[in-house]
Amino acid sequence: GNSVTQMEGPVTLSEEAFLTINCTYTATGYPSLFWYVQYPGEGLQLLLKATKADDKGSNKGFEATYRKETTSFHLEKGSVQVSDSAVYFCALYPSGGYNKLIFGAGTRLAVHP
Amino acid sequence: DAGVIQSPRHEVTEMGQEVTLRCKPISGHDYLFWYRQTMMRGLELLIYFNNNVPIDDSGMPEDRFSAKMPNASFSTLKIQPSEPRDSAVYFCASSLIQGGRAETQYFGPGTRLLVL
């Protein structure tokens, strides 16, 4: 079946540190991959996405590369800010046309000044 | 566009009472999803609709939960009777088919429900 596994949080970093949040997936075919972010008290919002192997999604300084050989879509940012503190969800959209997203459990990031 | 609108934003009720959560999706979107988020279980998909028709309700926890979508611009999630374990944040999301796929979901701000 389709599934997404994320590294457990919380991840605690100092401002300007490098961020990596690991995400691996299990799926048949060629799913699309996403990172969503949830700021405190808000709904999830799309951060970035990649629709085919070797694609790199990027937004607000965050990047993730679709690696089919390792079935991964790790989220990275070179220098985090306090305002990046949030919960990050990795998700996949299966290639079978189910038209629903499969979410990971979420990883909480806390950035301190 | 105003985005996905949910009401109420907060709801406090007593066990046994009926609770109705409301959602207005983004105009023109084909799909509507209801999710529940708790610390223990994370984000769970409860049910989703395509063109107002329920497609998959396998995530609805039990018969106390029901959802309807009478038209393209309105959906409700009802809990009757409510129980303390229903306390959670309930999200509505909508998406648009493009190229045969409805990939990107747009979430509302959520309804925070507390059942005493």
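Just so it is clear, the structure is predicted and the values come from calculations on it, not from any experiment. (Residues numbered from 1 in each chain as written. Chains lettered and ligands numbered in written order. Predicted model: local features only at pLDDT ≥ 70, side-chain atom pairs only at ≥ 80, totals over all residues. Heavy atoms only, no water.)

*Asks:* Outline the overall build of chain B, listing residues and values.
*Replies:* Along the backbone of chain B there are zero helices and 11 strands. At 14 Å, chain B has a C-alpha radius of gyration in line with the 13 Å of a compact globule built from 116 residues. Projected onto the principal axes, the alpha-carbon positions of chain B cover approximately 45 × 30 × 25 Å. Out of the 116 residues belonging to chain B, those deemed buried represent 47%. Excluding contacts between residues fewer than 6 apart, the proportion of contacts in chain B whose partners are at least 24 apart in sequence is 55%. For chain B, the accessible area works out to roughly 5700 Å², and carbon and sulfur atoms hold 51% of it. (Helix = DSSP H or I, 4+ residues; strand = E, 2+ residues; numbered from the N terminus. Rg over C-alpha atoms; globule rule 2.2 N^0.38 Å. Buried < 20%, exposed > 50% of the residue type's maximum accessible area, 1.4 Å probe, protein only. Contact = heavy atoms within 4.5 Å. Areas by Shrake-Rupley, 256 points an atom, 1.4 Å probe, with all protein chains shown as cover.)

*Asks:* Before we move on, could you go through the packing of aromatic side chains and cite the residues and values that matter?
*Replies:* Ring pairs (aromatic) are described by centroid distance and by the angle formed between their planes. Considering all chains together, one arrives at 14 aromatic pairs over all chains under this definition. Note on Phe34 of chain A and Tyr36 of chain A: the rings are 6.2 Å apart at their centroids and 40° apart in plane angle, and the pair reads as tilted. When its relative accessible area of 0% is taken as the criterion, Phe34 of chain A is described as buried. For the pair Phe89 of chain A and Phe103 of chain A, a centre-to-centre distance of 6.3 Å together with 90° between the ring planes defines the contact as edge-to-face. Within this pair, whereas Phe89 of chain A is found in strand E10 (residues 86–93), its partner Phe103 of chain A is found in strand E11 (residues 102–103), the two being separated by 14 residues in sequence. Chaining the aromatic ring pairs together yields one cluster made of Phe34, Tyr36, Phe89 and Phe103 of chain A together with Tyr31, Phe33, Tyr35, Tyr48, Phe91 and Phe107 of chain B. When the ring centre of Tyr30 of chain A is taken as origin, the NZ or CZ atom of Lys68 of chain A, which lies over that ring, is 4.4 Å away. (Phe/Tyr/Trp six-rings, centres within 6.5 Å; stacked < 30°, edge-to-face > 60°. Lys NZ or Arg CZ within 6 Å of the ring centre and 35° of its normal.)

*Asks:* Mind laying out the nonpolar core, listing which residues take part and the relevant values?
*Replies:* Nonpolar side chains tend toward joint burial in soluble globular proteins. Core analysis: the largest hydrophobic core is formed by 26 residues, its most contacted members being Leu19, Trp35, Leu47, Leu48, Phe73, Leu75 and Tyr88 of chain A. Secondary-structure elements contributing two or more residues to this core are strand E2 (11–14), strand E3 (19–21), strand E4 (23–26), strand E5 (32–38), strand E6 (44–50), strand E8 (62–65), E10 and strand E12 (107–112) of chain A. (Core = buried A, V, L, I, M, F, W, Y, C linked by side-chain atoms within 4.5 Å.)

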